[in-house]
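What the coordinates show
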Number of protein chains: 2
Amino acid sequence: MARGRVRQGKLQVIPLGGLGEIGKNCTVLQYQDEILVIDCGLSFPDEEMLGVDIVIPDFTYLVENRQKVRALVVTHGHEDHIGGIPYLLRQLQVPIYGTRLTMGLIEGKLQEAGMKLPQGSRWVRAGETVKIGAFTVEFIRITHSIPDACALAIRTPVGTVVHTGDYKFDQTPVDGEFADYRRLSELGEQGVLVLLADSTNAERPGYTPSERVVGTRIDEIFRNARGRILMATFASNVHRLQQALDSAARWKKKVAVVGRSMENTVEVALKLGYLRDPGKVLVGLDELRRYPAHQQVILTTGSQGEPMSALTRISTNEHKGVEIQPGDLVVLAANPIPGNEKSVARTINNLYRRGAEVVYGPEAGVHASGHASQEEMKLMINLVRPKFFVPVHGEYRMLVHHSRLAQACGIPSENILIGENGTVFEFTRNSATIAGKVTSGQVLVDGLGVGDVGNIVLRDRKQLSQDGILIVVVALEKETGVILGGPDIVSRGFVYVRESEKLMEEAREKVKQVLLDALGRGTTEWAVLKSNVRDVLSKYLYDKTRRRPMILPIIMEV
Amino acid sequence: MARGRVRQGKLQVIPLGGLGEIGKNCTVLQYQDEILVIDCGLSFPDEEMLGVDIVIPDFTYLVENRQKVRALVVTHGHEDHIGGIPYLLRQLQVPIYGTRLTMGLIEGKLQEAGMKLPQGSRWVRAGETVKIGAFTVEFIRITHSIPDACALAIRTPVGTVVHTGDYKFDQTPVDGEFADYRRLSELGEQGVLVLLADSTNAERPGYTPSERVVGTRIDEIFRNARGRILMATFASNVHRLQQALDSAARWKKKVAVVGRSMENTVEVALKLGYLRDPGKVLVGLDELRRYPAHQQVILTTGSQGEPMSALTRISTNEHKGVEIQPGDLVVLAANPIPGNEKSVARTINNLYRRGAEVVYGPEAGVHASGHASQEEMKLMINLVRPKFFVPVHGEYRMLVHHSRLAQACGIPSENILIGENGTVFEFTRNSATIAGKVTSGQVLVDGLGVGDVGNIVLRDRKQLSQDGILIVVVALEKETGVILGGPDIVSRGFVYVRESEKLMEEAREKVKQVLLDALGRGTTEWAVLKSNVRDVLSKYLYDKTRRRPMILPIIMEV
């Protein structure tokens, strides 16, 4: 389909961003000349994206259709749903709607970037409805691993779209804010055109345990601990932090928060009333040290073994404020996100080496997922009873599994659509089709550069990382082609140079011979000269070392 | 302790190699001037070891004490127990003992390296005893995920050492070769000084399922499959391959093996009688294609999502011989090894994208670990009833958990020793102490280079991989210091050059200014000049890009 072409009377839904996960970071709804954006998050680079800091959705489609974009609505305050906002706003000013905590976290993020909430932005209550052009957006309370998370019901001229956001059905939510089952089923009764639903845990049978189960376990741990407690969890899991504060109060302990992102969340959540200190439990780290060990609790980041995080540095004794003592109890209240297993394991090993006891792993009961398992997914489908079903928020295999659950719930397979980021799902009141693809994909952010690190730079970094680089420099007289200096060879990341003098000297001789031969034949095309040098050197080095460093011949005309 | 100093009448046990896992790849026993080496394997590099192919133990201690080394005894034929042998033999000729399949696999490995089994090597039967200097080594049948695996009982003048090797207690082994419980308990009766025991699954409660359970599940899958089956598993799991062949025969299917390492194992195992074709089941891939889809089975490598493996290439449609068709059933008969989760997930997603159905994950029942879980570990300890206990073959936290199991079985905590690679455990008949440390650690193999990639090369590769490199070349007149050519700037892996012309031009100007300033002041120390260039450029680029590429100034004297 042509980008942005208007289809009369049709509704388009486009999952736009998410690294490996379809529609995770951003989804677009379009009706005629109006676009509504749902969420605008970031992903963390995978191991192939060398040197990249974060990954944001490709906003090309939104920028090309900037005059159509009416608003950004945000389901909840996690990084993978709000982290891309500063980058979007640099290209496109658009009002933002979200619940109070979500907006508080977005504001903090924008402040860090020296930005402000765009004009017209405001926070809304769960249950509230906002009219945005052709779309009427209703925020519906849902439970997730951050407070104030919502699903969205979006009425459009074609029909109602329900987007679950990230959710689980926590039947005993810590803050007493239940998912709005009544409203979801009412919508189902009234008729829902399409359900876009979170597929993260589509491979997991049964129900996801309540966050309160974790609280019970934390309380046991706090009650029994005879020494200091360090508890690492996701900075944004305010419910879990609240449960830790409550248990600390119950067992007469004091709590200090260590780690920048957690300090930030705690500050915002306290200010907005989503977290409360049950009685001067929170203290600074310096004050905490004045209490006996068994009264000390440190809440900290680093549950994923991130190299620069507080817990990782504590585990290797590189943290200024906290040193592990034998008798310390470390609670890892998080499961490793895929890809982080090894760094988490390394952190645990190092904590044991320093004499700490560590509570970790699925059996420990100190973590519960924020996402629905299969039985909850079926419940969602049966409450909303959509005509069409589009699984989102997951890797491809998860969408497949989710689609099977929908079929099991009676949705005909022809009414279920699976796509990728950029896929245009097109709906009328009675039909759903895949109507093409728009520009989508990942934009890599490295330092201040947004999108300038692409395939060429990554390919070079990959080669450099594997076998290093060898630079050949030679100075030639411009007119005559006589060698005035060099050839010199410098290498980095290739071999340990001190022990490879002979290899390098032979390589230099090879290069010299190639140059003299070619120049002797009257070659004046420097590109040919360079290519000869590269070929000969590359073959020679591969024979000698079985390595393929990048070879960079530089000819300097003097 | 001084390296190799003889301690009269004492026995030293030294776990010598294993990346992150203590004693996994190699363990050393020393009594006076005699050394026995147990296993000699390799590890696969972790993500920090950029460009490294494999990791082998540091053999310094063995090389320095070469006249003492009597033999290498090998517990089983897995890569992490035999893969280092060609590297050891290049430094040290020493006879090798192992069971028949183990020796067959070692021979194949040596042939590939253009080497032969050292003089005096021979294969032994489980139950057999070999006298090696002061050591009497008894091979004891054990069950593991490769046939012909053994534990070792080593009688020494100080007492008996039992080393479990890698093991589980499979009560229904596929080949009918039960672990030798009787002999283990007899040894326990006679008195064992120290037990060195596999800790891999020390975090797992209960029992590890039998390999036969996997066979039952495979048989169900083979019976029910209506299309072609592709089954990926570890190349060396001969029992599993046997079960697949048996099921294929039962359900009238033909089997082709795809993937070099599996083809090798199958060849050796068939030749030595550890694998048998139950009736012309095995065919070539070309022949297989002549059968209808439901009669086709492909056994293949790539269960870990390794980039160059058969299944990974099949999943991205880059394999010459096999193309996924809708209706294909892919069985991933392996769990991801820590660190491989993401690549395995990517492979599964791609297989679904191509229309295959995939059976995977712990719930699928198509994989069983080869290592003992906690109840088996306790059984081992209670059979052998050692005076001292040293957990090995595991990461540090696993050793801690294993040591707690030993305590639960009644071994006093002061009789349990935990160490690292290189730790010297020293035993008399009545005492066990940690008596120092010998040179140990990892030697990185990259191409033909063994050990030449060290911290400096890796640090450079790391920097190159993150932000690339910027090379500044300038030609100066030797005597006068006048700039004759350049400065030119070339970058790789830093920015997309076409879109950064202004940045590069400004950088060039900066460099030129620094050079002119310094040369104007009469600087003749090229090192000073280079350092000035590096400082100015590094600051400028960081301000503009927040990146820190490697900066390499090259001054060419003309």
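Residues numbered from 1 in each chain as written. Chains lettered and ligands numbered in written order. Predicted model: local features only at pLDDT ≥ 70, side-chain atom pairs only at ≥ 80, totals over all residues.

1. Here's the deal with the overall build of chain A
- The number of helices and strands found in chain A is 16 helices and 25 strands.
- If one aligns the C-alpha atoms of chain A with their principal axes, the spans along those axes are about 85 × 70 × 45 Å.
- When burial is assessed residue by residue, chain A has 54% of its 558 residues classed as buried.
- Long-range contacts, defined here as pairs at least 24 residues apart, represent 73% of the contacts in chain A between residues at least 6 apart. (Helix = DSSP H or I, 4+ residues; strand = E, 2+ residues; numbered from the N terminus. Buried ≥ 20, exposed ≤ 12 C-beta atoms within 10 Å, placed from the backbone. Contact = placed C-beta atoms within 7 Å.)

2. Describing the domain arrangement of chain A
- Considered domain by domain, chain A is made up of domain 1 (11-206 + 369-450), domain 2 (211-364) and domain 3 (466-557).
- Computed over C-alpha atoms, the centres of domain 1 of chain A and domain 3 of chain A are 54 Å apart. (Domains from an automatic or database assignment.)

3. Some thoughts on the sheet that holds strand S19 (residues 423-427) of chain B
Residues and elements named next belong to chain B.
- Taking strand neighbours across the sheet as the criterion, the eight strands line up as S7-S6-S5-S3-S2-S1-S19-S20 in an open arrangement whose pairing is mixed. The two strands at the open ends of the sheet, each matched to only one other strand, are strand S7 (122-123) and strand S20 (432-437).
- With three bridges connecting them, strand S1 (residues 11-17) and S19 associate as antiparallel partners. Note that in S19 the partner of Val13 across the bridge is Phe425. (Pairing = 2+ DSSP bridges.)

4. Things to note about the relation of the copies chain B and chain A
- When chain B is fitted to chain A, the best match, at an RMSD of 0.1 Å, comes from turning it 180° and sliding it 0.0 Å along the axis. Here the symmetry operator amounts to a two-fold rotation axis. Scanning chain B for the C-alpha nearest the rotation axis identifies Ser465 of chain B, at a separation of 2.3 Å.
- Interface overlap between copies is the fraction of interface residues in one copy that are interface residues in the other; for chain B against chain A it reaches 98%, indicating a shared surface. (Least-squares fit on C-alpha atoms with pLDDT ≥ 70 in both.)

5. Notes on the environment of Gly481 of chain A
Residue and element names in this part refer to chain A.
- Mapped onto the secondary structure, Gly481 falls in the loop between strand S23 (469-476) and strand S24 (483-492).
- Classification of Gly481 by C-beta neighbours within 10 Å gives partly exposed; the count is 18.
- What Gly481 contacts, discounting residues up to four positions off in sequence, is Leu476, Leu519 and Thr524.

6. Quick notes on the interface of chain B and chain A
- At the interface, 58 residues of chain B touch 57 residues of chain A.
- For the side of chain B that touches chain A, the secondary-structure elements that each account for two or more residues are helix H11 (341-353), helix H13 (396-408), helix H14 (455-467), strand S23 (469-476), strand S24 (483-492) and strand S25 (550-557) of chain B.
- Per-element accounting of the side of chain B that touches chain A gives the leading share, eight residues, to H14 of chain B.
- A class-by-class count of the residues in the side of chain B that touches chain A yields 24 nonpolar, 15 polar and 19 charged. (Nonpolar A, V, L, I, M, F, W, Y, C, P; charged D, E, K, R; others polar.)

7. Concerning helix H12 (residues 374-384) of chain B
All names here are of chain B.
- Listed in full, the buried residues belonging to H12 are Gln374, Glu376, Met377, Met380, Ile381, Leu383 and Val384.
- Those residues of H12 that are buried are in contact with strand S11 (159-163), helix H5 (181-190), strand S12 (192-198), strand S18 (386-392) and H13.
- Of the residues one or two after H12, Arg385 is the one with positive phi, at around 45°.

8. Let's talk about the sheet that holds strand S22 (residues 449-450) of chain A
Residues and elements named next belong to chain A.
- With antiparallel pairing, the three strands of this open sheet are ordered in space as S4-S21-S22. Looking at which strands have only one partner, the edges of the open sheet turn out to be strand S4 (54-57) and S22.
- Pairing of S4 with strand S21 (residues 442-446), which is carried by four bridges, proceeds in the antiparallel orientation. Looking at S21, one finds that Ile54 is bridged to Val445.

9. Thoughts on the environment of Pro15 of chain A
Residues and elements named next belong to chain A.
- Its location among the elements puts Pro15 in strand S1 (residues 11-17).
- For Pro15, a count of 29 C-beta atoms within 10 Å puts it in the buried group.
- For the pair formed by Pro15 and Val511, sequence separation is 496 residues and the distance between their alpha carbons is 53 Å.
- For Pro15, the contacting residues outside a window of four places in its chain are Ile22, Gly23, Thr27, Val392, Gly419, Asn421 and Thr423.

10. Considerations on the nonpolar core
- Counting 351 residues, the largest nonpolar core has Val194 of chain A together with Val194 of chain B as the members making the most contacts within it.
- Once you skip the residues sitting within four places of it in the chain, Val194 of chain B turns out to touch Val13, Val161, Pro386, Lys387, Phe388, Val390, Phe427 and Ala432 of chain B. (Core = buried A, V, L, I, M, F, W, Y, C linked by C-beta atoms within 7 Å.)

11. Thoughts on the packing of helix H15 (residues 501-520) of chain B against helix H16 (residues 526-545) of chain B
Residue and element names in this part refer to chain B.
- Axis separation between H15 and H16 bottoms out at 10 Å; the angle between their running directions is 150°. By the angle between their axes, H15 is roughly antiparallel relative to H16. The handedness of the crossing between H15 and H16 comes out as right-handed. Contacts between H15 and H16 involve Leu503, Ala507, Lys510, Val511, Val514, Leu515 and Ala518 from the former and Leu529, Asn532, Val533, Val536, Leu537, Tyr540, Leu541 and Lys544 from the latter.
- Looking at the contact of H15 with H16 residue by residue, the classes come out as 12 nonpolar, one polar and two charged. (Axes fitted to C-alpha atoms, helices over the stretch in contact; angles between N-to-C directions. Parallel < 35°, antiparallel > 145°, perpendicular 65-115°, else oblique. Left-handed = near helix turned anticlockwise from the far one by under 90°.)

12. Observations concerning the pairing of strand S3 (residues 34-38) of chain A
Residues and elements named next belong to chain A.
- When you tally the buried positions in S3, you get four out of five residues, the bulk of the element.
- Note that strand S2 (residues 26-31) and S3 share five bridges and pair antiparallel. By the bridge assignment, Thr27 is partnered in S3 with Ile38.
- The turn joining S2 and S3, which pair antiparallel and follow one another in sequence, is formed by two residues; a positive phi near 50° is taken by Gln32.
- Two strands pair when backbone bridges link them, and S3 and strand S5 (residues 69-73) are joined in this way by four bridges, in the parallel orientation. What sits directly across from Ile35, in S5, is Val69.

13. A short note on unusual backbone geometry
Residues and elements named next belong to chain A.
- Following Gly486, the chain continues into Pro487 via a peptide bond in cis, with omega recorded as 0°.
- One can find Pro487 in strand S24.
- Backbone geometry at Arg546 places phi at a positive 55°, although glycine is not the residue there.
- Residue placement: Arg546 occurs in the loop between helix H16 (526-545) and strand S25 (550-557).

14. Quick notes on H15 of chain B
- The terminal C-alpha atoms of H15 of chain B, which comprises 20 residues, lie 28 Å apart, in line with the 28 Å expected from a rise of 1.5 Å per residue.
- Two residues or fewer after H15 of chain B comes Gly522 of chain B, characterised by a positive phi angle close to 85°. (Expected span 1.5 Å × (residues − 1).)

15. So, the confidence of the model for chain A
Residues and elements named next belong to chain A.
- For chain A, the mean per-residue pLDDT works out to 95, and 99% of the residues sit at or above 70.
- The model gives residues 1-7 a pLDDT under 50, and that stretch makes 13 contacts with residues more than four places away or in other chains.
- Complex prediction metrics read pTM 0.93 and ipTM 0.92. (pLDDT = per-residue confidence, 0-100.)

16. With respect to the packing of helix H12 (residues 374-384) of chain A against helix H13 (residues 396-408) of chain A
All names here are of chain A.
- Running from amino to carboxyl end, H12 crosses H13 at an angle of 55°, the nearest separation of the two axes being 9 Å. With respect to each other, H12 and H13 are oriented oblique. Relative to H13, H12 is oriented so that their crossing is right-handed. Residues Gln374, Met377, Lys378 and Ile381 of H12 form the contact with H13, whose own contacting residues are His402, Leu405, Ala406 and Ala408.
- Looking at side-chain class alone, the contact of H12 with H13 contains five nonpolar, two polar and one charged residues.

17. A look at the environment of Ala153 of chain B
Residues and elements named next belong to chain B.
- The topology assignment puts Ala153 in strand S10 (residues 150-156).
- What makes Ala153 buried here is the crowd of 23 C-beta atoms within 10 Å.
- In this structure, the C-alpha to C-alpha distance between Ala153 and Val474, residues 321 residues apart in sequence, is 67 Å.

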